[in-house]
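Each chain, letter by letter, is given below.
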Protein chains: 4
Amino acid sequence: MTTVHIWGAAGYAAAEAIRLLHAHPFVELGALESRSHAGEALCDHFPALRRTAYRFSATGSVRASLAAGDVVLTAGGHGEAHEAVPAFLEAGARVIDLSADYRFDDGVAYGLSEWNRARIAAAELVANPGCYPTATLLAVLPLLSIAQPRQLIVDAKSGITGAGRKPNVSSLFAEVAGEIRAYGLDGHRHEPEITRILRERDCDVPLVFTPHVVPLARGMLVDAYAVFDRAIAAAEIDAAFGQAYAGNAFVTHAHAPSVAAVAGTNRAEIRYDALGTTVRAICAIDNLGKGAAGQAVQNLNIMLGYPEETALDALRVVA
Amino acid sequence: MTTVHIWGAAGYAAAEAIRLLHAHPFVELGALESRSHAGEALCDHFPALRRTAYRFSATGSVRASLAAGDVVLTAGGHGEAHEAVPAFLEAGARVIDLSADYRFDDGVAYGLSEWNRARIAAAELVANPGCYPTATLLAVLPLLSIAQPRQLIVDAKSGITGAGRKPNVSSLFAEVAGEIRAYGLDGHRHEPEITRILRERDCDVPLVFTPHVVPLARGMLVDAYAVFDRAIAAAEIDAAFGQAYAGNAFVTHAHAPSVAAVAGTNRAEIRYDALGTTVRAICAIDNLGKGAAGQAVQNLNIMLGYPEETALDALRVVA
Amino acid sequence: MTTVHIWGAAGYAAAEAIRLLHAHPFVELGALESRSHAGEALCDHFPALRRTAYRFSATGSVRASLAAGDVVLTAGGHGEAHEAVPAFLEAGARVIDLSADYRFDDGVAYGLSEWNRARIAAAELVANPGCYPTATLLAVLPLLSIAQPRQLIVDAKSGITGAGRKPNVSSLFAEVAGEIRAYGLDGHRHEPEITRILRERDCDVPLVFTPHVVPLARGMLVDAYAVFDRAIAAAEIDAAFGQAYAGNAFVTHAHAPSVAAVAGTNRAEIRYDALGTTVRAICAIDNLGKGAAGQAVQNLNIMLGYPEETALDALRVVA
Amino acid sequence: MTTVHIWGAAGYAAAEAIRLLHAHPFVELGALESRSHAGEALCDHFPALRRTAYRFSATGSVRASLAAGDVVLTAGGHGEAHEAVPAFLEAGARVIDLSADYRFDDGVAYGLSEWNRARIAAAELVANPGCYPTATLLAVLPLLSIAQPRQLIVDAKSGITGAGRKPNVSSLFAEVAGEIRAYGLDGHRHEPEITRILRERDCDVPLVFTPHVVPLARGMLVDAYAVFDRAIAAAEIDAAFGQAYAGNAFVTHAHAPSVAAVAGTNRAEIRYDALGTTVRAICAIDNLGKGAAGQAVQNLNIMLGYPEETALDALRVVA
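I will try to describe carefully the structure that is included in this document. (Residues numbered from 1 in each chain as written. Chains lettered and ligands numbered in written order. Predicted model: local features only at pLDDT ≥ 70, side-chain atom pairs only at ≥ 80, totals over all residues.)

**As for the interface of chain A and chain D**
Step number 1: In this assembly, 35 residues from chain A lie in contact with 36 residues from chain D.
Step number 2: Broken down by secondary-structure element, the contributors of at least two residues to the side of chain A that touches chain D are β7 (151-158), β8 (181-182), β9 (207-213), β10 (220-227), α10 (259-262), β12 (268-275) and β13 (278-285) of chain A.
Step number 3: Within the side of chain A that touches chain D, the residues separate by chemical class into 20 nonpolar, 8 polar and 7 charged. (Contact = placed C-beta atoms within 7 Å. Helix = DSSP H or I, 4+ residues; strand = E, 2+ residues; numbered from the N terminus. Nonpolar A, V, L, I, M, F, W, Y, C, P; charged D, E, K, R; others polar.)

Take a look at the structure:
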């Protein structure tokens, strides 16, 4: 039984992690620290957690209750983890950070589970990937074994929970319903994260990345278009995909990748089409699942030596 | 040509009034005052106003540009109109206040257009009714000519724009989609407004009022259940309804009142059923239309002697 | 290990039952009979069942594979169960029928779990209640121990899955989004079901029942207004509620009953307000959960002697 | 005053055309022929047309009531116009066909208004473009004056009304809400339409076209990525765009193209980004507006010599 604390527990991804860990057979939840909601019941803030008795704890509570061997999930705003994580590590805890703070740090294991298991298993600190990079890299990385693309174009569609739970006008129901909008057109945080991981794998392809918000709460579909100098054969892709993901529980091929099929799960569905010199890869994930809390729990399972599917194998509800 | 100024111009109802007045043949828009958005273009805040060149003006701009004979629509937060309106009246303007500030003031004309035309036409200051009272009173007032109910139960369902454009967690897309919730269960501002108008018409019935938010941006359906001491005949209701609304453009009977049929319009659709000693009245309006901006423009037409339908006769879009 | 067959397996409620039973530790799924989809994979029709290998089986397959002691969930259209169920019973199976076919049959156990456990436990055939009657009766039945109401008004709001998966224009996305509509105003199937159960408990109150569709896929909120001849005290209601539901896992009091809190679960959240001679009871359930598949599984647990929460205790996803 | 008949009047695009033409000052509506709904009132099928008295007329009614000089909008299913249009032309009518039937016919004017005004003005028969080709071509055609792209990738997101009003399971609310899905991955009708028009302009670029459905009723956002052999400068695009659309009312540049800004209108909003050798063009239109009925009315105005904005200049509703 491992104690898992959540630092920055009041956001959507943190709440989803709490939901998953609540049902985890080898884990118990410790402090659920939230600066803004200290002392309040989670069930008053998250209808999904209605039957639970959890309460947000005060600033400093994770640090105070931490024991060596515990795990901390840090889910604060970007920029905040840098201040909190070192003390957790010093106290002997292992940390999975859901923010962007450590994703550019060579000394930290990048938590794209299927591509970095060995480092994650041994890591003291895991930088959990962003939702856009997760979907993009899962779809694109297998292709790199075939050839170097000359241009990569990533067109991503996300549910609004990706924008977090901070109340902004642009996240209001009346602004999101009936709208499709591209954003971050002058530079999005996730673009360098994708580029960095590609470069680590010797792929220095120019990337055009366009994120969009569409009217749903959770889920993400990424269309990645890789333009090559030669035509790629379907058989080459099949082989590369098989090599990359054979035996993996969460990343599977689908004839029609579907957000409704992966929402609420840790799964990714991918389809490839070889279209002349362009390969189109379509990947569906849940931005709060495989794109955040689900992958964090998967990484926790890897770190602690539990079967990877532990607490991640439930079917999602129908409709 | 009358100049109409908007005071508190950054909310949904104000923007909808601007949309309507933009197409009004006998009106030109004056100052569009907003404390929070002074100097900014409306088209940057409201996609619906994209083709317009309007800009929010600074605090004090309405007062500064006001001329006798102008009209001011005050659409600030509840409590704010009390401070601004007296100066507008002193300057010789006529005022239509969309807040609750003057709805309980005997000296002010209550702007339920179909029931108060004479006073509205002559008024210097009109208190535009709330959306819930509008739908409720349009449905219930005709029944009072038949008999006194012993109990009135009003169950209302509203789109989220009724909560305004202030960014609150409870108005976020991810909180509203998939949710149906009753609110204001320990007392809602609109309850005394309904009760007051009923009392003015010698109806002192106990009222149970339950507002709900459902997942759509605009529109409202109110089910009013009036319990009487005797059975009411359908013919009595037909007669009362005909007497109340014959010849009115905006209030019509419908076999199946539909929010989709009235959204974007100033119309109300009503259906009655005589069910033993209970009469059920179902009324659909647009909370931003007949429940706010539409009725304000209707009242403006009444005040200025224009045909009531001026700028209010467009069909809404299909789907 | 009990084998559970589904007859009429292609609807939303059937698919949700399959989802729940897939995770049930003491049950294995048998034939999943569907006239229209025989031979097809469930994962191709229901994204939620993507990871499963289930296939619809052909007409007659349930009857052919049935063994004494099996359970059959019949989830066909209303009117169809009458033809199929007798043969299942003759073969020694126990049956839970999700249609309306047996809800008016005195010899059949009415499956409102919390109010009829003993009969359900012993029954060969259980008539699973409709979603509207479930929410209504859970809220209203405790009040009958206090006094007889003189009028009962039930105003219900439902997600569109209640209309089933048959493709009708009125269930299209473009017709439901942006719409609130009352329906069945000239008589709804669920009205006599509610009345019948109330009469069984010696309550012959006149009922006004108004169902509405609002723009969400699943979930239901019912506002029941019971008008009495005397004022009811809050303490009386508290006592009656406690007597009715103390120790029950699925029916709980909530300050603000929330569809988002019960969607995907078998739970019901109820709130009462004593408002003079009227008591308002607000009840939130999932129309496919406690209103259909969830209650069917609960009844199955009761019939088979398993703990009632078996396979029904998962938290729903966040957002 | 020109009489305009609608043939195939029961779909979303036809209803939207009726809405627009209802307010057209120089047009009166004639026969509204529908095989399936003959004799029924439009207001019973389309809430948006509630205040109108139009009725669907029977098969043959357009032909029977046609006079030389009339206009017919044909909006039947694809494949049906070929059978009906010749008789309309013989009778001396001019025809605007909203189906795909004539879009590949060299003798027919392709109705992309801004790019083909002269031919449209003189045409007896106009093939109104599909929604995806409209958005794509409006965005891409200006670029062809700069250089030939080596690869064109079009990633399109559409509201569900694009799938029409036929009741299919895949268009049900419960299937569309919460889903993002790519479709037509093995070939989509609109792909050759785009390719054909590009070829007419001597552009033989390989096209990858990926349409998606997202959860909203109407509106479309197209991201077109044109990969060139050299870097394109922003100034080149500005010049090309200005040359293409200066003085046009409906096609404008926008910093953030928004479906909410164009829904209900005939407008298109476009933004370009020069990103190395790739140019990203984002175009927002209303699939029922500029993508269907709006453009049909624009073409009608061009054919009849009316100002292009006639009946197309209303602002859309706020929220």
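Let us keep going from here.
**Quick notes on the relation of the copies chain D and chain C**
Step number 1: In the superposition of chain D on chain C (RMSD 0.0 Å, axial shift 0.0 Å), the rotation amounts to 180°. One copy is carried onto the other by what is essentially a two-fold rotation axis.
Step number 2: Comparing interface residues between copies, 100% of those in chain D also sit at the interface in chain C, which points to an isologous, same-surface contact. (Least-squares fit on C-alpha atoms with pLDDT ≥ 70 in both.)

**What about the interface of chain D and chain C?**
Step number 1: Taken together, the 14 residues of chain D in the interface contact 14 residues of chain C.
Step number 2: Counted by class, the side of chain D that touches chain C contains 9 nonpolar, 4 polar and 1 charged residues.

**Re the relation of the copies chain A and chain D**
Step number 1: Turning chain A through 180° and shifting it by 0.0 Å along the axis lays it on chain D, with an RMSD of 0.0 Å.
Step number 2: Here 100% of the contact residues of chain A are again contact residues in chain D; the copies associate through an equivalent surface.

**A closer look at the sheet that holds strand β6 (residues 125-127) of chain B**
All names here are of chain B.
Step number 1: Spatially, β2-β1-β3-β4-β6-β5 is the arrangement adopted by the 6 strands of the open sheet, whose pairing is parallel. The open sheet has two edge strands with one neighbour each: β2 (27-33) and β5 (109-110).
Step number 2: Two strands pair when backbone bridges link them, and strand β4 (residues 94-97) and β6 are joined in this way by 3 bridges, in the parallel orientation. Its bridge partner lying in β6, D97 is registered against A127. (Pairing = 2+ DSSP bridges.)

**Topic: the sheet that holds strand β2 (residues 27-33) of chain C**
All names here are of chain C.
Step number 1: On the basis of which strands lie adjacent, the open sheet formed by 6 strands has the order β2-β1-β3-β4-β6-β5 and parallel pairing. Where the open sheet ends on each side, the last strands, each with one partner, are β2 and β5 (109-110).
Step number 2: Looking at chain direction, strand β1 (residues 2-7) and strand β3 (residues 71-74) are connected through 4 bridges and run parallel. Bridging from a neighbouring strand, V4 pairs with V71 of β3.
Step number 3: On top of the sheet, helix α1 (residues 12-22) reaches β1, β2 and β3; it is set at about 155° to β2, its chief contact.
Step number 4: Taken strand by strand, helix α4 (residues 81-90) contacts β1, β3, β4 (94-97) and β6 (125-127), and its axis lies near 160° from that of β4. (Axes fitted to C-alpha atoms, helices over the stretch in contact; angles between N-to-C directions.)

**Some remarks on the pairing of strand β2 (residues 27-33) of chain A**
Residues and elements named next belong to chain A.
Step number 1: Counted residue by residue, β2 has 5 buried out of 7 residues, so it is predominantly covered.
Step number 2: Direction of pairing for strand β1 (residues 2-7) relative to β2: parallel, over a ladder of 5 bridges. Each bridged residue has a counterpart across the sheet, and for I6 the counterpart in β2 is L32.
Step number 3: One crossover worth recording links β1 to the parallel β2 by way of helix α1 (residues 12-22), and it is right-handed. (Buried ≥ 20, exposed ≤ 12 C-beta atoms within 10 Å, placed from the backbone. Right-handed = clockwise from strand over helix to strand, strands pointing away.)

Everything listed here is a matter of coordinates, which is why it stays silent on function.
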